Amino acid sequence: MIKILVLNSGSSSLKFQLFDMQGAESNHFNLLASGLVERIGETNSSASLKFTSSKAHDTVDKLAQKKQLVRESPVADHQQAIETMAAMLKESGCMVSMEELTGIGHRVVHGGEHFHDPVVIDEQVLITIKKLIPLAPLHNPANLTGIRLTQQKAPGIPQVAVFDTSFHQSMPEQAYIYGLPYALYKKQHVRRYGFHGTSHQYVSKQAADYLGKSISELKLITIHLGNGTSAAAIQYGHSIDTSMGMTPLEGLIMGTRCGDIDPAIPFYLARETGMTIQELDDLLNKESGLKGICGQNDMRTIVEQAEQGDNRAELAITIFCYHIKKYIGAYIATLNGADAIIFTGGIGENSSLIRERACQDLQNLGINIDSQKNSLHSKEIMEIQGPTSQVKILVIPTNEELEIAIQTIKLI
Ligand code: AMP
């Protein structure tokens, strides 16, 4: 029996899924358990695990009809999150010990120019991922912690790193070279890398399957809206541009990250306030975005507060949606028209309000949303454009973990 554990360690969350597979030749994975530790480091952390002991179930939705464990107690750091995960998997009976795993797949955010493909983790790989921390200060440390802790818990079990940056390596120079001295690209590797590649790739393949077309004939705009947010222009299966840049700070407004701003702002702030580089880094990565505008970074809370008349929460939503809309316009131009726009990620999959407002007043680009269809909730793919929309609008649940499990088993 092949068993793969997939870890997706975010800055304040840990998602994990346990798959099994019948025989190495098959690509059919059964999802045994799916868990989430949320709000790590905050007082209102929670951990939940949906699981089944039957192999007949292969979607989270079906798992939801089965059993669930929930823990509502503070989780101080990622070490505690990993321990919580192992304890809950054991309690569920899905995994008695980490020793029974065939392999462990990790989402790693930044592969720089070093990793163009997934890789089996050894000490050299860990050193390289650590060297790349300056490029992804919120994520690579959490990814490394996850790898090291699972290595300690399951020594000898092969582990694989799947990088968020790989899918965007297909971008042409015009999309990844910045308007900076070219030598900075050659010597310091300053360029756009892009992130969320596993998600953009997964939902674009899902869209092609859903539309009954080959990915090689589709022009797609994929919009991943989670704690981190990014958009990508995907032409015939290849990413040709994406909103995140050399680091995950560029692009759309995010939970705590500023997204696109005038690059002169940090200089101005340093001169005017005496802020240090570290303080500016923290400001732009941890105190900006939705949190900077309205004090909250969780979209559910922001929507609730806006509904209760909080003007700042309303402003944060308006700005968030306006920036998505601008990228839709830009990528329609980049692709010279699009067949479909795809919303995914926690916000993209669940918030009809954000989808509706991001697609508002785009009729002249052939885009309009059907409010009734958009208001529905489903774990399956939803098609939500209006009858006159020339561009399909799809809501597709992302499944980075499944994609990582497939890559992991391929490598080991
Ligand atoms: P992710 O990083 O993909 O897990 O997405 C996390 C984000 O999705 C957080 O900002 C959540 O508040 C947001 N989210 C999850 N469910 C909803 C919902 N029903 N409405 C609005 N935002 C949601």
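The numbers attached to residues start from 1 for each chain and follow its sequence in the written order. With pLDDT at 70 or above as the cut-off, local features in this predicted model cover only qualifying residues; side-chain atom pairs require 80 or more to be listed or tallied, and sums for whole chains, interfaces and linings still use all residues. Derived side-chain values reflect all non-hydrogen atoms in the structure, with water molecules and hydrogen atoms excluded from consideration.

1. Remarks on the overall build of the chain
Phase 1: From N to C terminus, the chain includes 16 helices and 14 strands.
Phase 2: Computed over the C-alpha atoms, the radius of gyration of the chain is 21 Å, within 12% of the 22 Å expected from 2.2 N^0.38 for a compact globule of 412 residues.
Phase 3: In terms of overall dimensions, the chain has C-alpha extents of about 55 × 55 × 45 Å along its principal axes.
Phase 4: Element-wise, carbon and sulfur atoms account for 50% of the exposed surface of the chain, whose accessible area totals about 18300 Å².
Phase 5: By the counting scheme adopted, Arg and Lys are positive, Glu and Asp are negative, and His together with the chain ends is not counted. Taken as the charge location is NZ of Lys, CZ of Arg, CG of Asp or CD of Glu. Positive and negative charge centroids in the chain, built from 36 and 44 side chains respectively, lie 2 Å apart. Helical segments are the DSSP runs of H or I of at least four residues, strand segments are the runs of E of at least two, and each set is numbered from the N terminus. In this setup the radius of gyration rests on C-alpha atoms only. A globule is expected at 2.2 Å times the number of residues raised to 0.38. Throughout, the Shrake-Rupley method with a 1.4 Å probe supplies accessible areas, and for residues the shown protein chains are the sole cover considered.

2. Comments concerning the sheet that holds strand β1 (residues 2-9)
Phase 1: The pairing criterion for strands is at least two bridges between them, as found by DSSP. If you trace the eight strands from one edge of the open sheet to the other, you get β5-β4-β3-β2-β1-β6-β8-β7, paired in mixed fashion. The open sheet has two edge strands with one neighbour each: β5 (67-71) and β7 (119-120).
Phase 2: With two bridges joining them, β7 and strand β8 (residues 159-163) adopt antiparallel strand pairing. Within β8, the position partnered with V119 by the bridge is A161.
Phase 3: Any two residues whose heavy atoms approach within 4.5 Å at even a single point are treated as in contact. The angle between two axes is taken between their N-to-C directions and runs from 0 to 180 degrees, where each axis is a line fitted to C-alpha atoms and a helix contributes only its stretch in contact. With respect to the sheet, helix α4 (residues 140-153) is in contact with β1, β6 (103-108) and β8, its orientation differing from that of β6 by roughly 170°.

3. Here's the deal with the packing of aromatic side chains
Phase 1: Two rings from Phe, Tyr or Trp (for Trp, the six-membered ring) form a pair when their centres sit within 6.5 Å of each other. Planes less than 30 degrees apart are called stacked, planes more than 60 degrees apart edge-to-face, and all others tilted. Tallied over the entire structure, the rule returns five aromatic pairs.
Phase 2: Residues Y327 and Y331 carry aromatic rings whose centres are separated by 5.7 Å and whose planes lie at 65° to one another, so their mutual orientation is edge-to-face. Remark: Y331 and Y327 occur in helix α12 (residues 311-335); sequence separation between them is four residues, near one turn of the helix.
Phase 3: The structure contains a cluster of three or more aromatic residues connected by ring pairs, namely Y176, Y182 and Y185.
Phase 4: Sitting over a ring, as applied to charges here, requires NZ of Lys or CZ of Arg to be within 6 Å of the ring centre and within 35 degrees of the ring normal. Just above the ring of Y176 sits the side chain of R191; from NZ or CZ to the centre is 3.7 Å.
Phase 5: It is R191 that lies over the ring of Y193; its NZ or CZ is 5.0 Å from the centre.

4. Points about the pattern of salt bridges
Phase 1: Salt bridges are identified by distance alone: a Lys or Arg side-chain nitrogen within 4 Å of an Asp or Glu carboxyl oxygen. All told, the structure shown has 16 salt bridges when counted by the stated rule.
Phase 2: A salt bridge links R107 to E400, with the shortest nitrogen-to-oxygen separation between them at 4.0 Å. A residue pair is termed long-range when its members are at least 10 positions apart, and R107 in strand β6 and E400 in helix α16 (residues 400-411) qualify at 293 residues. Across this residue pair, the class does not change: R107 and E400 are buried. Think of it in three bands: with a 1.4 Å probe and only protein chains considered, a residue is buried below 20% of the maximum accessible area for its type, exposed above 50%, and partly exposed in between.

5. Digging into the site of the ligand
Phase 1: Nearness of a residue to a molecule or strand requires only that one of the residue's heavy atoms be within 4 Å of it. In the vicinity of the ligand, the residues found are K15, G226, N227, N297, D298, M299, R300, G345, G346, I347, N350 and S351.
Phase 2: A distance of 3.2 Å separates an oxygen atom of the ligand from a polar backbone atom of R300.
Phase 3: Burial of the ligand by the protein chains amounts to 77% of its free accessible area of 500 Å².
Phase 4: Elements represented by at least two residues in the shell around the ligand include exactly α11 (299-307) and α13 (345-350).
Phase 5: The element best represented in the shell around the ligand is α13, accounting for four residues.
Phase 6: All residues other than Ala, Val, Leu, Ile, Met, Phe, Trp, Tyr, Cys, Pro, Asp, Glu, Lys and Arg, Gly among them, are scored as polar; the first ten of these are nonpolar and the last four charged. Partitioning the shell around the ligand into residue classes produces two nonpolar, seven polar and three charged. Under the rule applied, a polar contact is a pair of N or O atoms within 3.5 Å (in protein, one hydrogen donor and one hydrogen acceptor; residues adjacent in sequence only if both atoms are side-chain atoms).

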